[in-house]
Amino acid sequence: MASEDGKDHRLARISSSIRVIPDFPKPGIMFQDITTLLLDHKAFRDTIDIFVERYREKNISVVAGIEARGFIFGPPIALAIGAKFVPMRKPKKLPGEVISEEYALEYGTDKMEMHVGAVQPGDRALVIDDLIATGGTLCAAVRLLERVGADVVECACVIELPELKGREKLGHRPVFVLVKG
């Protein structure tokens, strides 16, 4: 099983496959580009395999993927562990009845939505995204899942930007990351 301390040889391949683009989308931002990870089929496979190994025996019933890059990693993990995949979307992207959770951005607010009835009380949920920065979107996803009675087992991300202290915002909730940006 993989560990966060870098002892799993696959983590080096994953880390080296992520391209960093300076000053994107604005000056001062070091953008962590996972599209290059997706181009490296071995690194992409390693990423999915590490998550599957970690969650296979944890009785996860729901993998909740945060729009948009959580949609890349979430479905293959859900299939491999025998869980359903639930998309967590930006407002007005899901047809039908939704439940929403507002969260703070650097300037203003945004909302995250999921379908009513997609998650049941007692479901054991894994929240997946590509990156944890400030933790705002992960917190909104967790609150949304907990509001409908799910037990959020863990939040999982490929990359963490530790200097932005997103883990602190999540409080006691466990976070598993593969690499630090």
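Refer to the structure above for everything that follows.
Note that the structure is a prediction, hence the values are computed from the model and not measured.

1. Describing the overall build of the protein
1) Next: When its secondary structure is counted, the protein shows six helices and nine strands.
2) Next: Taken over the C-alpha trace, the protein has a radius of gyration of 16 Å; the compact-globule value for 181 residues is 16 Å, and the two agree within 12%.
3) Next: Residue burial in the protein is summarised as follows: out of 181 residues, 45% are buried.
4) Next: Counted over contacts in the protein with a minimum sequence separation of 6, partners at least 24 positions apart contribute 59%.
5) Next: A total accessible area of about 9100 Å² is found for the protein, and carbon and sulfur atoms account for 54% of it.

2. Describing the packing of aromatic side chains
1) Next: Tallied over the entire structure, the rule returns four aromatic pairs.
2) Next: Ring centres 6.1 Å apart and planes at 75° place the aromatic pair Phe-51 and Phe-176 in the edge-to-face group. In this pair, Phe-51 is assigned in helix H3 (residues 41–55) and Phe-176 in strand E9 (residues 175–180), connecting sequence segments 125 residues apart. Each of the two residues, Phe-51 as well as Phe-176, counts as buried.
3) Next: Relative to Phe-85, the ring of Phe-71 has its centre 6.0 Å away and its plane inclined at 90°; by these criteria the two rings are edge-to-face. Linking Phe-71 in helix H4 (residues 70–81) with Phe-85 in strand E4 (residues 84–88), this pair joins segments that are 14 residues apart in sequence.
4) Next: Over the aromatic face of Phe-176 sits the side chain of Arg-54, whose NZ or CZ is 4.0 Å from the ring centroid.

3. Digging into the nonpolar core
1) Next: If you look at the biggest cluster of nonpolar residues, it comprises 29 residues, and the most contacted ones within it are Ile-14, Phe-51, Val-63, Ile-77, Val-158 and Leu-178.
2) Next: Listing elements by their share of this core, those giving two or more residues are helix H1 (9–16), H3, H4, strand E7 (124–132), strand E8 (151–160) and E9.
3) Next: The next biggest cluster of nonpolar side chains, apart from the first, holds 27 residues, and it includes Val-119, Ile-132, Leu-170 and Val-175.

Reading guide: rules and limits
Residues numbered from 1 in each chain as written. Predicted model: local features only at pLDDT ≥ 70, side-chain atom pairs only at ≥ 80, totals over all residues. Heavy atoms only, no water. Helix = DSSP H or I, 4+ residues; strand = E, 2+ residues; numbered from the N terminus. Rg over C-alpha atoms; globule rule 2.2 N^0.38 Å. Buried < 20%, exposed > 50% of the residue type's maximum accessible area, 1.4 Å probe, protein only. Contact = heavy atoms within 4.5 Å. Areas by Shrake-Rupley, 256 points an atom, 1.4 Å probe, with all protein chains shown as cover. Phe/Tyr/Trp six-rings, centres within 6.5 Å; stacked < 30°, edge-to-face > 60°. Lys NZ or Arg CZ within 6 Å of the ring centre and 35° of its normal. Core = buried A, V, L, I, M, F, W, Y, C linked by side-chain atoms within 4.5 Å.

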